[in-house]
Amino acid sequence: MKNSKPAVETNNLSISWGELNVLNKINLKLKEGEKLAIVGPSGSGKSTILKILAGLILPTEGELSIFGEKQTYLRLDQNNPPDVRLVFQNPALLGSLTIEENVGFILQRNKKLSKKFIKEIVRECLEEVGLFNIEKKLPNELSGGMQKRVSFARALITEKNLYKNNHPLLLFDEPTAGLDPIASSRIEDLINKTNNKVKGSSIVVSHVLSTIERTSDKVIMLYGGKFRWAGSIDEFKRSNDPYVFQFRNGKLDGPMQPKEI
Ligand code: ADP
Ligand code: MG
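Residues numbered from 1 in each chain as written. Chains lettered and ligands numbered in written order. Predicted model: local features only at pLDDT ≥ 70, side-chain atom pairs only at ≥ 80, totals over all residues. Heavy atoms only, no water.

Draft legend 1. Structural detail: the overall build of the protein. Across its full length, the protein carries eight helices and eleven strands. Against the globule reference of 18 Å for 261 residues, the protein gives a C-alpha radius of gyration of 19 Å, in line with a compact fold. Projected onto its principal axes, the C-alpha positions of the protein cover 55 × 40 × 40 Å. When each of the 261 residues of the protein is scored for burial, the buried share is 48%. Long-range contacts, defined as pairs at least 24 residues apart, comprise 65% of the intrachain contacts of the protein with a sequence gap of at least 6. Counting every atom, the protein has about 13,600 Å² of accessible surface; 50% of that belongs to carbon and sulfur. One finds the centroid of the 38 positive side-chain charges in the protein at a distance of 3 Å from the centroid of its 30 negative side-chain charges. (Helix = DSSP H or I, 4+ residues; strand = E, 2+ residues; numbered from the N terminus. Rg over C-alpha atoms; globule rule 2.2 N^0.38 Å. Buried < 20%, exposed > 50% of the residue type's maximum accessible area, 1.4 Å probe, protein only. Contact = heavy atoms within 4.5 Å. Areas by Shrake-Rupley, 256 points an atom, 1.4 Å probe, with all protein chains shown as cover. Lys, Arg positive; Asp, Glu negative; His and termini not counted. Charge placed at Lys NZ, Arg CZ, Asp CG, Glu CD.)

Draft legend 2. Broad picture of unusual backbone geometry. The phi angle at Lys 25 is positive, at roughly 55 degrees, despite the residue not being glycine. Within the secondary structure layout, Lys 25 lies in strand β2 (residues 20-26). Positioned with a positive phi, Glu 174 is a non-glycine residue whose angle comes to about 45 degrees. Along the chain, the position of Glu 174 falls in the loop between β8 (169-173) and α5 (181-198). Residue classification places Glu 174 among the buried residues on the basis of a relative accessible area of 7%.

Draft legend 3. Spatial organisation of the pattern of salt bridges. Summed over all chains, the structure comprises 13 salt bridges. A salt bridge links Glu 128 to Lys 197; its shortest N-O distance comes to 3.2 Å. In this pair, Glu 128 sits in helix α3 (residues 115-128) while Lys 197 sits in helix α5, placing the two residues 69 residues apart along the sequence. Residue Glu 128 is classed as partly exposed on the basis of its relative accessible area of 23%. (Salt bridge = Lys/Arg side-chain N within 4 Å of Asp/Glu carboxyl O.)

Draft legend 4. Quick peek at the site of ligand 1. Taken together, Trp 17, Leu 20, Val 22, Pro 41, Ser 42, Gly 43, Ser 44, Gly 45, Lys 46, Ser 47 and Thr 48 form the complete shell of residues around ligand 1. One of the side-chain nitrogen or oxygen atoms of Trp 17 is found 3.3 Å away from a nitrogen atom of ligand 1. One nitrogen or oxygen atom from the side chain of Ser 47 is found 2.8 Å from an oxygen atom belonging to ligand 1. Within the complex, 60% of the 570 Å² of free accessible area of ligand 1 lies under protein. Listing elements by their share of the shell around ligand 1, those giving two or more residues are β2 and α1 (46-53). Residue contributions to the shell around ligand 1 peak at three residues, all from α1. (Near = heavy atom within 4 Å. Polar contact = N/O pair within 3.5 Å; in protein donor to acceptor, adjacent residues only side chain to side chain.)

Draft legend 5. Examining the packing of aromatic side chains more closely. All chains considered together, the criterion is met by three aromatic pairs. Judged by centre distance (6.0 Å) and plane angle (50 degrees), the ring pair of Trp 229 and Phe 236 falls under tilted. The pair formed by Trp 229 and Phe 236 is uniform in burial state, with each residue classed as buried. (Phe/Tyr/Trp six-rings, centres within 6.5 Å; stacked < 30°, edge-to-face > 60°.)

Draft legend 6. Summary view of helix α2 (residues 99-108). Along α2, the residues that are buried comprise Ile 99, Glu 100, Asn 102, Val 103, Gly 104 and Leu 107. Looking at the buried side of α2, the elements it contacts are α3 and α4 (144-156).

Draft legend 7. Layout of the packing of α2 against α4. Contact geometry of α2 with α4 gives a least axis separation of 8 Å together with a crossing angle of 30 degrees. Between α2 and α4, the angle is such that the two are roughly parallel. Considering how the two elements wind past one another, α2 and α4 form a crossing that is right-handed. Residues Ile 99, Asn 102 and Val 103 of α2 lie in contact with α4, whose contacting residues are Val 150, Ala 153 and Arg 154. Classifying every residue of the contact of α2 with α4 gives four nonpolar, one polar and one charged. (Axes fitted to C-alpha atoms, helices over the stretch in contact; angles between N-to-C directions. Parallel < 35°, antiparallel > 145°, perpendicular 65-115°, else oblique. Left-handed = near helix turned anticlockwise from the far one by under 90°. Nonpolar A, V, L, I, M, F, W, Y, C, P; charged D, E, K, R; others polar.)

See below:
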């Protein structure tokens, strides 16, 4: 994938909610195929970055390009939206739709695709995440873990002609928060599998060290609206940078203090 445009490039991107400046002129570059973890304390703006990249909210200032194309609209207002898939912190399935309808949602918008074709792709994607014969169920008939896997199946849905760029940008918001270590390992495997399958670039937001280390090549530390540290996973493990040290060891003293944001 050399010579390809970066999956993400921001130039002094900022967003404020009233007085609160959540992101302050951040410059993020993600090459195609790269796997990045963004870490930082609660409220530091990690979900906000993902929502901007997914086209759900607009920045207050600055520029954003995805796969080399400048983004100025919310995604639904765009004619040729880039292929960006956000897996939310909670599975965010639509409660009144069946699993099949939830997963096939994106394909149903394309009127050229037959019902049979959509059904087949949905079944394949559910099988990829280890779910069988649940197409007709409603989300609340499944366990939390199964719902989470359905949300991954939704990110796997791919149909070549839907997008110009066939290598999507995958965004995962706290995918293993609140899970036990074994369930976390399964979800981490699933993130890697999803990534390999769609040959995507990914950004994982997480507090969980195993998730950061098992799913990503690079780490960025966000705090107080700025990127404070960036490096490889190996550097992240060894770094004595005060932000990284405090985060990794869960220390109360250090540069990150509750009232600053
Ligand atoms: P994180 O995901 O790192 O925990 P968020 O990105 O969710 O943090 O939020 C960053 C900050 O922005 C928080 O202080 C939060 O309260 C604020 N915020 C997020 N969304 C909104 C919104 N829609 N309106 C007002 N403030 C918001
Ligand atoms: Mg968040």
